[in-house]
Amino acid sequence: MKVAEYAVRNGSLTILGALLLVAIGVGAWLSIPRAEDPSFPNSNFTVIAVYPGATQIDLEQLVVRPLEDALKELDDLRKLEAKIEDGVAVLQVEFEADTDPDEKFDEVLRQVNQERADLPDELTSLDVEKFETTNVAILQLALVSEEASYRRLDDLGEALRKRLEATPGVKNAKTWAFPSRQVRVSLDLQRLAQLRIPVGRVLEAIRGDNANLPGGAVELGRRRLNLKTSGNYASIEEISLTPLSGNGTSVVRLRDVATVAWDYEDREYFGRYDGERAIFVTATQRDGQNIFHVRDALLAEVQAFRERLPGDVRLEVGFDQSLNVAHRLGSLERDFLIAIALVLVTLLPLGLRASGLVMVSIPLSLAIGLALLHFTGFSLNQLSIVGFVIALGLLVDDSIVVVENIARFRREGAGPVEAAIGATKQIGVAVVGTTATLLFAFLPLLALPGTPGQYIRSLPATVVYTVLASMVVALTIVPFLASRVLTGREDPEGNVFLRWMQRGIHRTYRPLLHWAMRHRLATVGIAGLLFAGSLALLPAIGFSLFPKAGLPQFLVRIEAPEGTSIAAVDAIAKEVERRVLETPGIRNVMTSVGRGNPQIYYNVVPKNRKANVSELFCAIEHYDPKTSPAVLDGLRGRLADIPGARILVKEFENGPPIAAPIAIRILGDDLDGLARVAADVATILRETPGTDQVDNPLRVRKTDLRLEIDRDAAALLGVPLLEIDRMTRLAVAGLVVSRFREADGDEHDIRLTVPHGERQDLSGFDALQVGTLGGAYVPIRQVAELKFESTPVRIERHNRQRAVTVTAEVLRGYNTDR
C-alpha cells in the first residue's frame, strides 16, 4: 500500500495525474461513438434467392440444396438454416463466433458465385448480406400525399434519398413502400402471330439493342481514341424503334407490335402514414459515429427539403433512433445526480468535507471508465449505459470506506497526512479484496461465448473498468485530497449526525451482532436457510438473459393465410390501423402492406415481400414499464376479434434474434410426417396455460395453379416447352428482359408483358398463342392447361435437413421457463 503514501507525499504529481485523467475522460465523452445498440464483428450472413413463380419444392431442389452443398464445405460452419416460401429462399449461414467476419464473407460470396452458373437462369436476384447491428435505420421518414402520383412521390423520395446519403456519417439511404417504375412493353400477341414474329425474337432484339459493348481503342497518328459502339437505349422512343424483322423493303419495329411506355410494377407493396398514402425514406449510420451528430445533420437536410415540397405533399419524421439513445443517457444523468445526493445525505455523519471527497470520486471514476471503454473499442450504447448505472451503486464503496477510516484516524488525534496514509494502509488490502470480488462477479459475462457474449460484452466491461477506476481513485486521489481537506480540530465524538447514528447502532445492531457471535452455528444455519430459500425462488422468478427493450415503439404483424390477395390483406391492415390509432398515447403509425417495415431494430428482421403479410410500426408518446405493457395487452384484446389473419403485437426485446419465446423444432424428411407431428406439438402448446399466438406453419396447405403441359401434343405440333413456359410467364408476371438507364444514372426494368389492368388475372390465358418451330402459332390450350394443386405453405431446413418450427408467445405474468 505504498501507492497511497506516494500519492499523498507527491501532491503535485497526484494533482497533475488527476487533471490528466479528467481531461482524458472529457475527451472520451466528446468523441466516443453513441448508438442505440453495440457494434461487434459478426460472422452471420444471409443468402437471399428470388425466383418469381417457383414453388417451394422447385426452390428447394433447384436452388437451396445446391447452395447448401456448396456452403457446407466451408470451415467453422456452425449452423445452416433455410426458409423457403413463394418465390423466395432465405439461407442463414452462421459461423463460429471467433472467426474473421470479412474472411468468412468472402468465402460465402465465393461459394455462391461459383454455384450461380448452375442455378436456374430465371433467378432474378441472388444476394449475400452481412448481419450487422448498424444495418438498422436511425431515421425513418414518410412522404405523405393522397393526391400526388407515385411517380411524383418516387421522384421526391429519390431526391431526398440522395441528399440524406450525402450527409456525413450516413452509411446508406433507401426508399420504400411504393411500386417501382419500369418501362412496360405491352405486346399485341395477335399482331405478332400475323407477322410470324416469335416472342423470343422480341426478347433477343431488346437485349441486343441495349447491350453496351466497348469497341476498344484505336490510334490515329499520335493520338489514341476510344471507339464507342451503339450503347444503351437513351430514351423510350429509342426502345420503341427497336427493329424486329425486315423483308428488304420495310422494317417491323417494336412499336408496330407493342406499346412502349413508362409504367409501374403491379401494386404489391405500398405504405401509409397514419392512414394516409405514403412512401418511406430511411437512413442508416456508419459504424463508429455519434448518432446525435448524424441526426442533427440529417434533420437539417430534412428541414431544407421540407421547405421546397409542393403543397400537396408533406414530410413526416416517423422514427428517430437518437431519441431512444437520449432517453437512456438521460436515465444515466438522473441516476448520477441521485447518487451524488445520496452520498451527501448518507455521509453527513462524517461531515460535509468528507462527503465532498466521496462525491469527487464518482465523476472521476466514471470519466476513467468511459475513457477505458472508448480506448478498447466500445461505444456508448444501451448496454454500456446500463453498465454505468450498475457501477454507480458500486464505485462509491471504496471511497466511502477509505474516507470513513481517515475521518476516524483524525478523530483519534492523528494529523491530516498521517491519518490519510495510515488509514489507507490499514484497509488497503480490504479495498483491493472487495474490488476483486466485484470483478469476479462480472468476469463470467465477459467470457460469455458466441454472439450473445459479443453483444452483451460492453456491459460487464463498463462495470469492470469503472470499479477498477474507483479502486485506483480511492487508494490515491482520495487520500491525497483528504490530507489537504480534512484539516483543523476534530471532535473525538464526531458531529451530531455521527453521535445519533452511533446511538442507533449500539441499540439495534450491537445486540444482534453479540448474539450472532455467541451462537455461531445458529447464525451459519440461518444464513444457509436464507440462501436455500433464495435458490427456491428462482423457478418462480424465472430466467432470462435479455430483458424487454423498454422502447416507445412496437410492431403489429399481420399474416393472412397463404393465397390471400393483397387487397384482402390491405383491408385487414386498414382495420388494424384504425383500432391502433384509436388507442390513447399512440403518436404515429407507419403501415407497410406486402412487406415488413424497414428494419429499425437490430434483432427484428422485416418480412420479405409477400402478398399475405403486413406490418404496422407504431410509436407511443413515452414508455412506462408499469402502464405500457398493460396498454399493449389491451390492444391485443381489441385486435383479437379481427378475422382473416394472425395478428401479433410485438414488443422489442434485447438479445439475438429469436422466432418466439417458445420455439420447438421438428426435423424429418417427409413433409406429411412433419405436418402430423407439428399439429400434435401445436395442440400441446395451446393446452398449456399461459401460451398465446401458437403458430404452426404447416397447419394448412395452400392451393396453387400448375401449368400441365401435354408433351406429346407439343412435340407433334413442334412447340418447344420453353416457349410454353415463356408465354405463360409473359401473360401473368411479365418478363424482365433488360434495364433502362436514365441520364441521371437511375436504372429501371424493361418488362415485356401483355396489356392488363392493375392486377393480373387469368382472363387472357385462353387467348394466348405459342409459336411452333415452323413459324406458325397455335392456341396454348392445345398444348397445356391449368390445374389446381395443393402445395406446402413453407419449407424450412436446418443443417441440410427438412424441419418445421412451432412457436408460441407467452402471456404477460406467466413464466416462460415454467
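This is a predicted model, so every value here is computed, not measured. Sequence order sets the numbering: in each chain, residues are counted from 1 along the sequence as written. Totals for whole chains, interfaces and linings use all residues, but because this is a predicted model, local features are given only for residues with pLDDT of at least 70 and pairs of side-chain atoms are given and counted only at 80 or more. Note that water and hydrogens are dropped before the side-chain values are worked out from all heavy atoms of the structure.

**A few points about the overall build of the protein chain**
As a reminder of what qualifies: Counting from the N terminus, the helices are DSSP H or I runs at least four residues long and the strands are E runs at least two residues long. Whether a residue is buried, partly exposed or exposed follows from its accessible area with a 1.4 Å probe, protein chains only, as a fraction of its type maximum: under 20%, in between, or over 50%, in that order. Here, two residues are considered to be in contact whenever any of their heavy atoms come within 4.5 Å of each other. Only the protein chains shown count as cover for residues, with accessible areas throughout obtained via the Shrake-Rupley method and a probe of 1.4 Å.
In terms of helices and strands, the protein chain carries 26 helices and 29 strands. When its C-alpha atoms are laid out on the principal axes, the protein chain stretches across 120 × 80 × 55 Å. Put simply, the protein chain has 818 residues, and 48% of those count as buried. Taking all contacts inside the protein chain whose residues are at least 6 apart in sequence as the whole, residues at least 24 apart take part in 78%. Surface accessibility of the protein chain: about 39800 Å² in total, with carbon and sulfur atoms responsible for 56%.

**What to know about helix H1 (residues 2-9)**
Just so we agree on the cut-off: Throughout, the arc means that of the directions going from the helix axis to the C-beta atoms.
If you check which residues of H1 are buried, you get Ala4, Ala7 and Val8. The arc enclosing the buried residues of H1, seen along the axis, measures out at 95°, which places them on a common side. Exposed side of H1, more than 90 degrees from the buried face: Lys2 and Arg9 are the residues found there. Each element contacted by the buried residues of H1 is listed here: helix H2 (11-31), helix H15 (416-446), helix H17 (458-475) and helix H18 (477-485).

**So, empty space enclosed by the protein**
For clarity, the threshold we go by: Cavities and pockets are defined on a 1 Å grid built over the protein atoms alone: a cavity is a set of grid points where a 1.4 Å probe fits but cannot escape, while a pocket is an open set with protein on both sides within 12 Å along at least five of seven lines, and lining residues are those with an atom within 4 Å of any such point. Grid points are joined across faces, edges and corners, and a volume is the space filled by probe spheres set on the points. Side-chain classes follow a simple rule in which Ala, Val, Leu, Ile, Met, Phe, Trp, Tyr, Cys and Pro form the nonpolar group, Asp, Glu, Lys and Arg form the charged group, and the remainder, Gly included, forms the polar group.
Applying the stated criterion across every chain, the model contains six cavities of 30 Å³ or more. Looking at the largest cavity, its volume works out to about 120 Å³. Taken together, Glu559, Ala560, Pro561, Glu562, Asn612, Arg646, Asp695, Pro697, Arg699, Val700, Val793 and Arg794 form the lining of the largest cavity. A class-by-class count of the residues in the lining of the largest cavity yields five nonpolar, one polar and six charged. In terms of lining, the second largest cavity is formed by Ala35, Glu36, Asp37, Thr133, Thr134, Val136, Ile138, Gln285 and Gln321. Residue composition of the lining of the second largest cavity, grouped by class: three nonpolar, four polar and two charged.

**Let's talk about the sheet that holds strand S7 (residues 181-187)**
We apply this condition: The rule for pairing is simple: two strands pair if DSSP sees at least two bridges between them. For every element, the axis is a line fit to its C-alpha atoms; helices are fit only across the contacting stretch, and the angle between N-to-C directions ranges from 0 to 180 degrees.
One open sheet accounts for four strands, arranged S12-S7-S24-S23; its pairing is mixed. Looking at strand neighbours, the two that pair on one side only are strand S12 (258-264) and strand S23 (735-741), the edges of this open sheet. In this sheet, adjacent strand axes meet at a mean angle of 25° when their direction is disregarded. One ladder, built from six bridges, connects S23 with strand S24 (residues 747-753); its direction is antiparallel. Pairing of Phe740 across the sheet is with His748, part of S24. Where helix H26 (residues 721-732) meets the sheet, its contacts fall on S7, S23 and S24, and the angle it forms with S23 comes to roughly 60°.

**Focus on the packing of aromatic side chains**
Heads up, the rule is: Classification of ring pairs uses Phe, Tyr and Trp, with its six-membered ring standing for Trp, and accepts pairs whose centres are within 6.5 Å; under 30 degrees between planes counts as stacked, over 60 as edge-to-face, and the remaining range as tilted.
Taken as a whole, this structure holds seven aromatic pairs when the rule is applied. Seen from their ring centres, Phe45 and Phe95 are 6.0 Å apart, and the 65° between their planes marks the pair as edge-to-face. On the criterion of sequence distance, the pair formed by Phe45 in strand S1 (residues 44-50) and Phe95 in strand S3 (residues 88-95) is long-range, its members being 50 residues apart. Both residues of the pair, Phe45 and Phe95, count as buried. For the ring pair Trp262 and Phe740, a centre distance of 5.8 Å and an interplane angle of 65° mean the geometry is edge-to-face. Here Trp262, found in strand S12, pairs with Phe740, found in strand S23; they are 478 residues apart in sequence, far enough to count as distant. Taken together, the aromatic side chains of Tyr455, Tyr601, Tyr602 and Phe652 make up a single cluster linked through ring pairs.

**Points about the layout of surface pockets**
Roughly 490 Å³ of volume is contained in the second largest pocket. Forming the walls of the second largest pocket are 21 residues, and the residues nearest its centre are Asn324, His327, Arg328, Ser331 and Gly550. Where the lining of the second largest pocket is concerned, the elements lending two or more residues are helix H11 (321-346) and helix H13 (382-392). Grouping the amino acids of the lining of the second largest pocket by side-chain chemistry returns eight nonpolar, seven polar and six charged.

**Looking at unusual backbone geometry**
In this structure, Asp76 takes a positive phi of about 65° despite not being glycine. For Asp76, the location among the structural elements is in the loop between helix H3 (56-71) and strand S2 (77-85). With phi around 70°, Ala177 is a residue other than glycine that occupies positive phi space. Mapped onto the secondary structure, Ala177 falls in the loop between strand S6 (170-176) and S7.

**Thoughts on the packing of H15 against H17**
Threshold: We call two directions roughly parallel when the angle between them is under 35 degrees, roughly antiparallel when it is over 145, roughly perpendicular when it lies between 65 and 115, and oblique otherwise.
The contact between H15 and H17 brings their axes to 9 Å, and the two run at 175°. Accordingly, the angle class assigned to the pair H15 and H17 is roughly antiparallel. Each of Thr424, Gly428, Val431, Val432, Thr435, Leu438, Leu439, Phe442, Leu445 and Leu446 in H15 lies in contact with H17, whose residues at this interface are Pro460, Ala461, Val463, Val464, Val467, Leu468, Met471 and Leu475. Along the lines of polarity and charge, the residues of the contact of H15 with H17 split into 15 nonpolar, three polar and no charged.

**With respect to the side chain of Arg295**
Turning to its location among the elements, Arg295 is positioned in helix H10 (residues 291-306). The contacts of Arg295, once residues within four sequence positions are left out, are Asp320 and Ser322.

**Quick notes on the packing of helix H14 (residues 395-411) against H17**
Definition in use: Left-handed describes a crossing whose near helix is turned anticlockwise from the far helix through less than a right angle; right-handed describes the clockwise counterpart.
Taken N-terminus to C-terminus, the directions of H14 and H17 make an angle of 15°; their axes are 8 Å apart at the nearest point. The orientation of H14 with respect to H17, classified from their angle, is roughly parallel. Of the two possible hands of crossing, H14 and H17 adopt the one that is right-handed. Of H17, the residues touching H14 (which contributes Leu395, Asp398, Ser399 and Val402) are Thr466, Val467, Ser470, Met471 and Ala474. Tallied by class, the residues present in the contact of H14 with H17 amount to five nonpolar, three polar and one charged.

**As for the nonpolar core**
Inclusion rule: To define a nonpolar core, start from buried Ala, Val, Leu, Ile, Met, Phe, Trp, Tyr and Cys residues and group those joined through side-chain atoms within 4.5 Å.
Counting residues in each nonpolar core, the largest one holds 99 residues, and the members touching the most others are Leu143, Phe554, Val556, Val576 and Val580. The residues contacting Phe554, other than those within four sequence positions of it, are Ile586, Leu616, Phe617, Cys618, Ile620, Leu632, Leu635, Val649, Lys650 and Phe652. Counting residues in hydrophobic clusters, the runner-up holds 40 residues, among them Val183, Val199, Val202 and Leu254.

**Section: the side chain of Arg184**
Condition: Pairs of N or O atoms within 3.5 Å make up the polar contacts considered here, provided that, within protein, one atom can donate a hydrogen while the other can accept it, and that residues adjacent in sequence are counted only when both atoms are side-chain atoms.
Topologically, Arg184 is positioned in strand S7. Arg184 gets classed as buried once you look at its relative accessible area, which sits at 10%. Looking at Arg184, its side chain comes within polar contact range of the side chain of Asp263, at 2.9 Å.

**Concerning the pattern of salt bridges**
Formally: In the sections that follow, a salt bridge refers to a side-chain nitrogen of Lys or Arg positioned within 4 Å of a carboxyl oxygen of Asp or Glu.
Here the structure, examined in full by the defined rule, presents 42 salt bridges. Between Arg800 and Asp69 there is a salt bridge, with the nearest N and O atoms lying 2.8 Å from each other. One end of the pair, Arg800, is in the loop between strand S28 (795-798) and strand S29 (801-810); the other, Asp69, is in helix H3, with 731 residues separating them in the sequence. Residue Glu559 is joined to Lys607 by a salt bridge in which the shortest nitrogen-to-oxygen separation is 3.9 Å. On the criterion of sequence distance, the pair formed by Glu559 in strand S16 (residues 553-559) and Lys607 in the loop between strand S17 (586-593) and strand S18 (613-620) is long-range, its members being 48 residues apart. Glu559 sits in the buried class, given a relative accessible area of 19%. Counted as one network, the salt bridges with shared partners bring together Glu85, Glu559, Lys607, Lys610, Arg794 and Glu796.

**Some points on a nonpolar patch on the surface**
Heads up, the rule is: Residues qualify for a patch when their relative accessible area is over 30% and they have no salt bridge, like charges being joined within 9 Å and the nonpolar side chains of Val, Leu, Ile, Met, Phe, Trp and Tyr within 5 Å.
On the surface, a nonpolar cluster with roughly 740 Å² of combined accessible area is contributed by Trp500, Met501, Ile505, Tyr509, Leu512, Leu513 and Met517. Looking at the secondary structure, you find Met501 in helix H19 (residues 496-518).

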